[in-house]
Structure formats: structure tokens, C-alpha cells
Amino acid sequence: MLCRSIVAVASLVAASSAAAWTPGSELVGQEVQVQTNGVVNTIQFEPNGIAHIRSPSGAKVVDATWTTDQNQLCLRNGQAFDCYEYKAPIDVTRPVSLKSVCGVNSQWTALPALRPSERG
């Protein structure tokens, strides 16, 4: 299988909550920092399955799509595709390690939501 990590092109976070959970529901409107090989990128998850992946400097933004299926969170753009083990909700209480199907380990940290007065 050809495997190209989308996190590496521009470069999510499991935790608690045991009640009924719809995979991906906690990501909608959320920003998550993903650290892979020492590089930290920020992913913004839109409700329509669109994701924006910002480089560490913020100068580069890669648009992608995101989906959840069969305990995986997948990101895809025109140049790369990768899926990560995703078996529990991602929250802001603590970072988690997720492994991609490509074998890449990443640290995922959900960022606290901004109050309306803090948004640009």
C-alpha cells in the first residue's frame, strides 16, 4: 500500500467520555495541534468535512477533507491521504498519541475553544 502522510504535507486527541459517542462529533469547529517528528501543525475541523491544516508559522494552509469510519480518522487532500487510529473522543483535557496506518506516531492536542471576543 502506498502511504503518504497528510500531516507531513502541512501537518487529533482521545480521552474520556463513555456515553453515546458519534465519532468526529467533538471535532466539528475544533482546532487540534498535531506534533509529528517535532513539527507542530494545527488542523481546524469544519462541520462539512473540510479541514484546514496550518503550518507551524501559519504561512501555509493546506485544505483537506476529513472523515471518520471504522475506528479511523482520515485526512485527504489532492497529494496525500492518511488515517489514524480513532477509538475515543478527543478533548482538551490531555493530549493523546495516535498512530497512522502509515506507522507514524503523532501527539494530538485539542485546543480550548476561543470566546467570540478572542476570534479575529
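Everything numeric in this text was worked out from a predicted model, so none of it was measured. (Residues numbered from 1 in each chain as written. Predicted model: local features only at pLDDT ≥ 70, side-chain atom pairs only at ≥ 80, totals over all residues. Heavy atoms only, no water.)

Turning next to the confidence of the model for the chain. When pLDDT is low, close inspection of the predicted coordinates is not appropriate. Per-residue confidence for the chain averages 81 on the pLDDT scale, and 78% of its residues sit at or above 70. Confidence, read as mean pLDDT per element, is least for helix H1 (residues 6-10) in the chain (47) and greatest for strand S3 (residues 50-54) (96). (pLDDT = per-residue confidence, 0-100. Helix = DSSP H or I, 4+ residues; strand = E, 2+ residues; numbered from the N terminus.)

Quick look at the state of the cysteines now. This structure, assessed with the given rule, holds one disulfide. The partner cysteine of cysteine 74 in its disulfide is cysteine 83, sulfur to sulfur 1.9 Å. Measuring the twist about the S-S bond at about 105°, one finds the cysteine 74-cysteine 83 disulfide to be right-handed. (Disulfide = S-S within 2.5 Å.)

With that settled, the discussion passes to the side chain of aspartate 82. One can find aspartate 82 in strand S6 (residues 81-85). On the basis of relative accessible area, aspartate 82 is assigned to the buried category, the value being 0%. Polar contacts involving the side chain of aspartate 82 include one to the side chain of serine 100, which spans 3.3 Å. (Buried < 20%, exposed > 50% of the residue type's maximum accessible area, 1.4 Å probe, protein only. Polar contact = N/O pair within 3.5 Å; in protein donor to acceptor, adjacent residues only side chain to side chain.)

So, on to the pattern of salt bridges. A full pass over the atoms with the stated rule returns one salt bridge. In this structure, arginine 54 and glutamate 31 form a salt bridge, with 3.0 Å as the shortest nitrogen-oxygen distance. Of the two residues, arginine 54 sits in strand S3 while glutamate 31 sits in strand S1 (residues 31-36), which places them 23 residues apart along the sequence. In this structure arginine 54 comes out as partly exposed when scored by relative accessible area, which is 26%. (Salt bridge = Lys/Arg side-chain N within 4 Å of Asp/Glu carboxyl O.)

In this section: the packing of aromatic side chains. Tallying each qualifying case throughout the model produces three aromatic pairs. Between the aromatic rings of phenylalanine 45 and tryptophan 66, the centroid separation amounts to 5.2 Å while the plane-to-plane angle is 85°, which identifies the pairing as edge-to-face. Of this pair, phenylalanine 45 sits in strand S2 (residues 39-45) while tryptophan 66 is found in strand S4 (residues 61-69), placing the two residues 21 residues apart along the sequence. Taking relative accessible area as the criterion, phenylalanine 45 reaches 0% and is therefore assigned buried. Among the residues examined, tryptophan 66 registers a relative accessible area of 9% and is labelled buried. Ring centres of tyrosine 84 and tryptophan 108 lie 4.9 Å apart, and the angle between their planes is 75°; on these two criteria the pair is classed as edge-to-face. Of this pair, tyrosine 84 sits in strand S6 while tryptophan 108 sits in strand S8 (residues 105-110), placing them 24 residues apart in sequence. On the basis of relative accessible area, tyrosine 84 is assigned to the buried category, the value being 0%. Residue tryptophan 108 is classed as buried on the basis of its relative accessible area of 0%. (Phe/Tyr/Trp six-rings, centres within 6.5 Å; stacked < 30°, edge-to-face > 60°.)

What follows deals with the sheet that holds S8. Read across the sheet, eight strands follow the order S6-S5-S4-S3-S2-S1-S8-S7 without closing on themselves; strand pairing throughout is antiparallel. Each end of this open sheet is capped by a strand with a single partner; those strands are S6 and strand S7 (96-99). On average, each strand axis in the sheet is inclined to that of its neighbour by 30°, with strand direction left out of account. The sheet contact formed by strand S5 (residues 72-76) and S6 spans five bridges and is antiparallel. Paired with leucine 75 across the strands is aspartate 82, a residue of S6. (Pairing = 2+ DSSP bridges. Axes fitted to C-alpha atoms, helices over the stretch in contact; angles between N-to-C directions.)

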